[in-house]
Amino acid sequence: MKAMIFAAGMGTRLQPFTDNHPKALAQVNGVPLLERNIKYLQGYGINDFVINIHHFGGQILAFLAENDNFGANIEISNESDELLETGGGLLFAKRFLENEKTFLIMNVDILTDLNITNFINIHELKGGMVTLAVSDRDSTRKLMFNDKMYLKGWKNLTTNKKTVVGGIFKLRELAFSGVHCVNSEIFTKITRTGKFSIVDEYLDLMKEDIIIGYQHTANLIDVGKPESVAEAEKLFR
C-alpha cells in the first residue's frame, strides 16, 4: 500500500521553529517528525510514499536526499506555487494515487502507535470509501458517528456550530486522529477544486457514501505546538 504524508503546511503553531524550517523537520527526542513517520509506516510494511511540500520544501528535499529516502520509494507532490490544504493537496497528488486500490493518509505532525495493519484490515472488511482513525479525547472539533460508526456529522465545541445528516438521533462525538485509509474511487467523487479541507469534502460525501470511524485507544500526540513536543518526548523515544 502507498501512503501520503501531508507535510506542506506552514506549521504556524510551532513558531518560532517554523519561521525558518518546515514543521516536518521539527524534532522529538532528536528525530524529525518526517523521519519518525516514514519509519513508523515502514514498520507495517509500507515503503511507497507520496509527500507533499510547500513551506521550506527545499529543506525537506535535502533531508530526504541526505538520508537516501530512508530506503523508501518517495514521490514528491510539490505545492510550491500554492499551499492547497489537505483536500486540495490530495487532489493535486491524484496522479500518484489514482491507480492504487486504497491508500493511507497521515499528517506529518501526528505521532502515534496505532496498529496500522489492524486499521487497514478494518477498512477493507467494512467496505467504506474512507475509514478515519478517531479517539475519545479532548478536542475543540469532533466528528459525529452513528451506532454503526458511520460518519454523520461534525461539531465545533467552541462555536457550537455543527453539521448533521440523517435525522435526529444520538451520535458519538470523537476526535479525528489525522490518519485515514481511502479508496481511490474518491477522486471520482470530489467536487471541490483549489484550496480546501479534506474533512469538508468528507462531510459532503457522507450524505451518499459510507465513511467509517475506527475508534482506537492508541497513544497519539498532535505535535503542532511547542508544548506538545515535550509531551511527545515522554511517549516516543
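Criteria and cut-off values
Residues numbered from 1 in each chain as written. Predicted model: local features only at pLDDT ≥ 70, side-chain atom pairs only at ≥ 80, totals over all residues. Heavy atoms only, no water. Helix = DSSP H or I, 4+ residues; strand = E, 2+ residues; numbered from the N terminus. Rg over C-alpha atoms; globule rule 2.2 N^0.38 Å. Contact = heavy atoms within 4.5 Å. Lys, Arg positive; Asp, Glu negative; His and termini not counted. Charge placed at Lys NZ, Arg CZ, Asp CG, Glu CD. Polar contact = N/O pair within 3.5 Å; in protein donor to acceptor, adjacent residues only side chain to side chain. Buried < 20%, exposed > 50% of the residue type's maximum accessible area, 1.4 Å probe, protein only. Core = buried A, V, L, I, M, F, W, Y, C linked by side-chain atoms within 4.5 Å. Pairing = 2+ DSSP bridges. Right-handed = clockwise from strand over helix to strand, strands pointing away. Phe/Tyr/Trp six-rings, centres within 6.5 Å; stacked < 30°, edge-to-face > 60°. Lys NZ or Arg CZ within 6 Å of the ring centre and 35° of its normal.

Run through the overall build of the chain, naming residues and quoting values.
Tallying secondary structure elements over the chain gives seven helices and 14 strands in all. Here the chain has a C-alpha radius of gyration of 17 Å; the compact-globule value for 237 residues is 18 Å, and the two agree. In terms of its C-alpha atoms, the chain occupies a principal-axis envelope of roughly 55 × 40 × 35 Å. For the chain, long-range pairs separated by at least 24 residues make up 73% of all intrachain contacts whose partners lie at least 6 apart in sequence. Placing the 26 positive and 29 negative side-chain charges of the chain at their respective mean positions leaves the two points 7 Å apart.

Tell me about the side chain of S228, and name the residues and values.
Tracing the backbone shows S228 in helix α7 (residues 226-235). Separated by 3.2 Å, the side chain of S228 and the backbone oxygen of D222 make a polar contact. The residues contacting S228, other than those within four sequence positions of it, are I221, D222 and V223.

Please provide a residue-by-residue account of the environment of S184, values included.
Summarising the element assignment, S184 is placed in the loop between β12 (172-183) and α6 (198-205). Look at S184 and you get buried, because its relative accessible area is 16%. For the pair formed by S184 and K39, sequence separation is 145 residues and the distance between their alpha carbons is 24 Å. Among all residues touching S184, those that are not within four sequence positions of it are L97, E98, E100, K101 and F103. Within the structure, the side chain of S184 is placed 2.6 Å from the backbone oxygen of E100, a separation counted as a polar contact.

Lay out the nonpolar core with the relevant residues and their values.
The biggest cluster of nonpolar side chains holds 42 residues, and the ones touching the most others in it are L34, I38, L41, F49, I51, L104 and I116. In terms of residue count, helix α1 (residues 33-42) provides more of this core than any other element does, five residues in total. When neighbours within four sequence positions are excluded, L104 is seen to be in contact with M1, K2, A3, M4, L41, I46, I116, F119, I120, V179, H180 and C181. Membership of the second largest hydrophobic core comes to 32 residues, among which are V134, F145, L174 and F187.

Could you give an account of the pairing of strand β5 (residues 73-78), naming the residues involved and the relevant values?
Across six bridges, strand β4 (residues 48-53) lies against β5 in parallel orientation. Residue pairing for β5: D48 is matched across the bridge by N73. Tracing the backbone out of β4, into helix α2 (residues 57-66) and back to the parallel element β5 gives a crossover that is right-handed.

Quick rundown of the packing of aromatic side chains? Include the residues and the values.
In the structure shown here, the tally under the stated rule is four aromatic pairs. Measuring from centroid to centroid gives 5.6 Å for F63 and F70, while their planes differ by 50°, and the two rings are tilted. For the residue pair F63 and F70, the accessibility class agrees, reading buried in each case. Here the aromatic rings of F119 and Y214 are separated by 5.4 Å at their centres, their planes lie at 65°, and the arrangement is edge-to-face. Note that F119 is positioned in helix α5 (residues 116-126) and Y214 in strand β13 (residues 211-215), a separation of 95 residues in sequence. A relative accessible area of 0% places F119 in the buried class. Residue placement shows R95 over the ring face of F92; its charged tip is 5.4 Å from the ring centre.

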